[in-house]
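# Working through the structure, step by step
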Amino acid sequence: MPSFDIVSEIDMHEVTNAVDQAKRELGNRWDFKNVEADIELDDKGITISAEQEFQLEQLMDMLRMAFAKRNIDTRALSEDGESKSGKLVKQHLQLKQGIETDMAKKIVKMIKDAKLKVQTSIEGDKVRVKGKKRDDLQTAIALLKESELDVPLQYNNFRD
């Protein structure tokens, strides 16, 4: 029985490259000369820091551009909120990986409401879709690509 998995994953190597690219751009920009600003990547996410709010926004734009150049969906970034420490304003960004249970239920409901001849099941942080015909599975993929979900989705593990 043909099947595939719906997942939400990020290539961490590409994220590292995107952060490095944004750091290089930060070093080259004349409006950030003699300004204490930084972009850091750690296990939990990305932390950007600058002296002013508008500089923080510019750093976010630089990071988004670097992500776009590396074909990483910017919906994988979620803002945790700003914090002010001393003379710096910091913003922590989490990298979202995996499909949360609420979103998985929403995806399953969307596929069931379309009345496609497929079965869906939630398996941890991914959703498995099975069907008798490959065309039904491709219709399910097209349905999800058209929908405006706030999570980047990938379709892998396609079996015939």
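The following refers to the structure shown. (Residues numbered from 1 in each chain as written. Predicted model: local features only at pLDDT ≥ 70, side-chain atom pairs only at ≥ 80, totals over all residues. Heavy atoms only, no water.)

### Focus: the pattern of salt bridges
Applying the stated rule across the entire model yields 12 salt bridges. Arg 29 serves as the salt-bridge partner of Asp 31, at 2.9 Å between the closest nitrogen and oxygen. Using a relative accessible area of 27% as the deciding quantity, one classes Asp 31 as partly exposed. Looking at Arg 29, the relative accessible area reads 21%, which means it is partly exposed. Taken together, the shared-partner salt bridges connect Asp 5, Glu 123, Lys 126 and Arg 128 into one network. (Salt bridge = Lys/Arg side-chain N within 4 Å of Asp/Glu carboxyl O. Buried < 20%, exposed > 50% of the residue type's maximum accessible area, 1.4 Å probe, protein only.)

### A short note on the sheet that holds strand 7 (residues 126-131)
Taken together, the 4 strands give an open sheet; going across it, the order is 6-7-1-8, and neighbouring strands pair in antiparallel fashion. Of all strands in the sheet, those with a lone pairing partner are strand 6 (118-123) and strand 8 (154-159), marking the two edges. Taken over all neighbouring pairs, the strand axes of this sheet differ in orientation by 20° on average, direction set aside. Where strand 6 lies against strand 7, 6 bridges are found, and the strand directions are antiparallel. Looking at strand 7, one finds that Ser 121 is bridged to Arg 128. The strands that helix 3 (residues 101-113) touches are strand 1 (3-7), strand 6 and strand 7; relative to strand 6, the one it contacts most, it runs at about 175°. (Pairing = 2+ DSSP bridges. Helix = DSSP H or I, 4+ residues; strand = E, 2+ residues; numbered from the N terminus. Axes fitted to C-alpha atoms, helices over the stretch in contact; angles between N-to-C directions. Contact = heavy atoms within 4.5 Å.)

### Looking at the pairing of strand 1
The buried fraction of strand 1 amounts to 5 of the 5 residues, a majority that puts the element mostly inside the structure. Here strand 1 shows two buried faces, one formed by Ser 3, Asp 5 and Val 7 and the other by Phe 4 and Ile 6. Two elements, strand 1 and strand 7, share 4 bridges in a ladder whose sense is antiparallel. Across the sheet, residue Ile 6 finds its bridge partner in strand 7, namely Val 127. The pairing of strand 1 with strand 8 spans 4 bridges and is antiparallel. Bridging from a neighbouring strand, Ser 3 pairs with Arg 159 of strand 8.

### Here we look at the sheet that holds strand 5 (residues 88-95)
In a beta sheet, neighbouring strands are held together by backbone hydrogen bonds and run either parallel or antiparallel to one another. Strand order in this open sheet of 4 strands is 2-3-5-4, and the pairing throughout is antiparallel. At either end of the open sheet lies a strand with only one pairing partner, and these are strand 2 (38-41) and strand 4 (77-85). Looking at each pair of strands side by side, their axes are set apart by 20° on average, direction ignored. Bridge count for strand 4 against strand 5 is 7 bridges, and the pairing is antiparallel. When the bridges of strand 5 are listed, Leu 77 appears paired with Leu 95. Sheet strands touched by helix 2 (residues 53-69): strand 2, strand 3 (45-50), strand 4 and strand 5. Its angle to strand 3, the strand with the most contacts, is close to 140°.

These values are about where atoms sit, not about what they do.
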